[in-house]
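# Report on the structure
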Amino acid sequence: MADTSQFDRILLTGAAGGLGRVLREGLKPFARILRVSDRAELGDARPREEVVPCDLADAASVRRLLEGVEAVVHLGGISVEGPFEPILQSNIVGVYNLYEAARRNHVPRVVFASSNHVTGFHRQSDRIDAQAPMRPDGLYGVSKCFGENLSRFYFDRYGIETVCLRIGSSFPEVRDRRMLSTFLSYDDLVELVRCALFAESPGHTVIYGMSNNTAGWWDNSKASHLGFRARDSADVQRPRVEAQVPPLDPADPAAVYQGGAFVRAGPFEE
Ligand code: NAI
Ligand code: 15L
């Protein structure tokens, strides 16, 4: 895949979500047709779009969803910590269905929205890279570990390339002090996904999704072959955030660990 070429058809799952709405526009230049999917309402198809509703937990539907697709940007799933059953269906069964459908439909590349919560129980005082041990901070993080490991298996066994994006915090603006380290601007998100789609032979690569934040905890040097260069930084928002958001008690686990409040979420089951 050359850097300047367009894909014929890209599938975007989770297209009704927060990041899906951003990438629904942001991916348009890269494909003749963008197929957008979600189990939530997506509205009418826009120019150069196909709208295909689908529940990721339904294997037969997911198999049809990937027909005729050259690349998948997989955002669909539960995006926060919570009870196990929905995470099981959307993130574990769902990602398995997606990779099985990719294998059967000969889809060569997936960009997988993983999460910083795969390593959320590393300390904020640590700098880590993608080879640091997985230390998920909840069931949601565990489900993203499953997705990353499944994608590794599908590369080693079937040659399906995946770039796993361990996204930090991608929102319109920095909301709290932790996000001064984890922030990924929407423009940088689009650029990161572009790099993941067009990189020459990425094989199986894991990269943290963050802007150029001075306080960042993650070293992406082992993913430099993707060519991702963040243009934005949380730093410019620091004065506003520090004026508006009081610091946490330093002993609060949310201030100690990279996963923030996720490390103390739940339990959700009796
Ligand atoms: P979101 O919760 O706004 O969107 C997720 C979408 O997935 C929703 O539209 C939902 O309807 C859909 N979905 C859930 N289960 C489904 C199923 N079984 N079948 C079909 N669709 C299903 O989340 P957001 O913020 O847009 O995140 C997108 C992806 O990026 C998620 O996978 C999330 O885990 C990941 N991520 C996001 C981060 C962020 O800062 N926004 C940080 C780290 C990871
Ligand atoms: C995530 O994985 C979530 O999807 C997102 O909603 C944020 O909570 C983000 O991590 C974060 O760590 O800020």
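What you see as residue numbers is a count from 1 along each chain, following the sequence as written. Throughout, the order in which chains and ligands are written sets their labels, letters from A for the former and numbers from 1 for the latter. The model is predicted, so local features are restricted to residues of pLDDT at least 70 and side-chain atom pairs to those at 80 or more, both for listing and for counting; the totals for chains, interfaces and linings are taken over all residues. Hydrogen atoms and water are omitted, and side-chain values are computed over all heavy atoms in the structure.

## So, the sheet that holds strand β2 (residues 31-37)
Hydrogen bonding along the main chain pairs the strands of a sheet, whether they run parallel or antiparallel. Stated formally: A strand pair is defined by DSSP finding two or more bridges across the two strands. Starting at the N terminus, helices and strands are each numbered in turn, a helix being any DSSP run of H or I of at least four residues and a strand any DSSP run of E of at least two. Axis definition: a line fitted to C-alpha atoms, over the contacting stretch in the case of helices. Angles run 0 to 180 degrees between N-to-C directions.
Spatial ordering of the open sheet is given by β3-β2-β1-β4-β5-β7-β8, a layout of seven strands whose pairing is parallel. Of all strands in the sheet, those bounded by a partner on one side alone are β3 (49-51) and β8 (204-209). Adjacent strand axes in the sheet meet at a mean angle of 20°, parallel and antiparallel pairs treated alike. As paired strands, β2 and β3 are joined by three bridges and run parallel to one another. The residue bridging R35 from the neighbouring strand is E50, located in β3.

## Quick notes on the site of ligand 2
Inclusion rule: Throughout, near means a residue has at least one heavy atom within 4 Å of the molecule or strand. For the purposes of these results, a polar contact is taken to be a pair of N or O atoms within 3.5 Å, where, inside protein, one atom must be able to donate a hydrogen and its partner to accept one; residues adjacent in sequence count only when each atom of the pair is a side-chain atom. Surface exposure here means Shrake-Rupley accessible area, sampled with a 1.4 Å probe, where a residue is shielded only by the protein chains that are shown. Note on residue categories: nonpolar means Ala, Val, Leu, Ile, Met, Phe, Trp, Tyr, Cys or Pro, charged means Asp, Glu, Lys or Arg, and polar means any other residue, Gly included.
Around ligand 2 sit S79, S115, N116, H117, Y140, G168, S169, F171, R178 and F262, and those are all the residues in its vicinity. Contact between ligand 2 and S169: an oxygen atom at 2.6 Å from a side-chain N or O atom of the residue. Note that an oxygen atom of ligand 2 is positioned 2.8 Å from one of the side-chain N or O atoms of R178. In isolation ligand 2 has 320 Å² of accessible area, and contact with the protein removes 81% of it. A breakdown of the residues in the shell around ligand 2 according to their chemical character gives three nonpolar, six polar and one charged.

## Brief notes about the pattern of salt bridges
Which entries qualify depends on this criterion: We define a salt bridge as a contact between a side-chain nitrogen of Lys or Arg and a carboxyl oxygen of Asp or Glu at a distance within 4 Å. In this scheme, a residue with accessible area under 20% of its type's maximum is buried, one over 50% is exposed, and one in between is partly exposed, where area comes from a 1.4 Å probe on protein chains only.
The tally for this structure, following the rule as stated, stands at 18 salt bridges. Here E161 and R109 are joined by a salt bridge, their closest N and O atoms 3.0 Å apart. Of this pair, E161 sits in strand β7 (residues 161-167) while R109 sits in strand β5 (residues 109-115), placing them 52 residues apart in sequence. Owing to a relative accessible area of 15%, E161 belongs among the buried residues under this scheme. For R109, a relative accessible area of 2% puts it in the buried group. Close ionic contact of D252 with R264 constitutes a salt bridge, the shortest N to O distance being 3.0 Å. Placement of the pair is D252 in the loop between α7 (238-244) and α8 (253-256) and R264 in the segment after α8, with a sequence separation of twelve residues. Under the relative-accessibility criterion, D252 is labelled buried at 16%. Residue classification places R264 among the partly exposed residues on the basis of a relative accessible area of 44%. In this structure, a network of salt bridges that share partners links the residues D8, R9, R32, R35 and E50.

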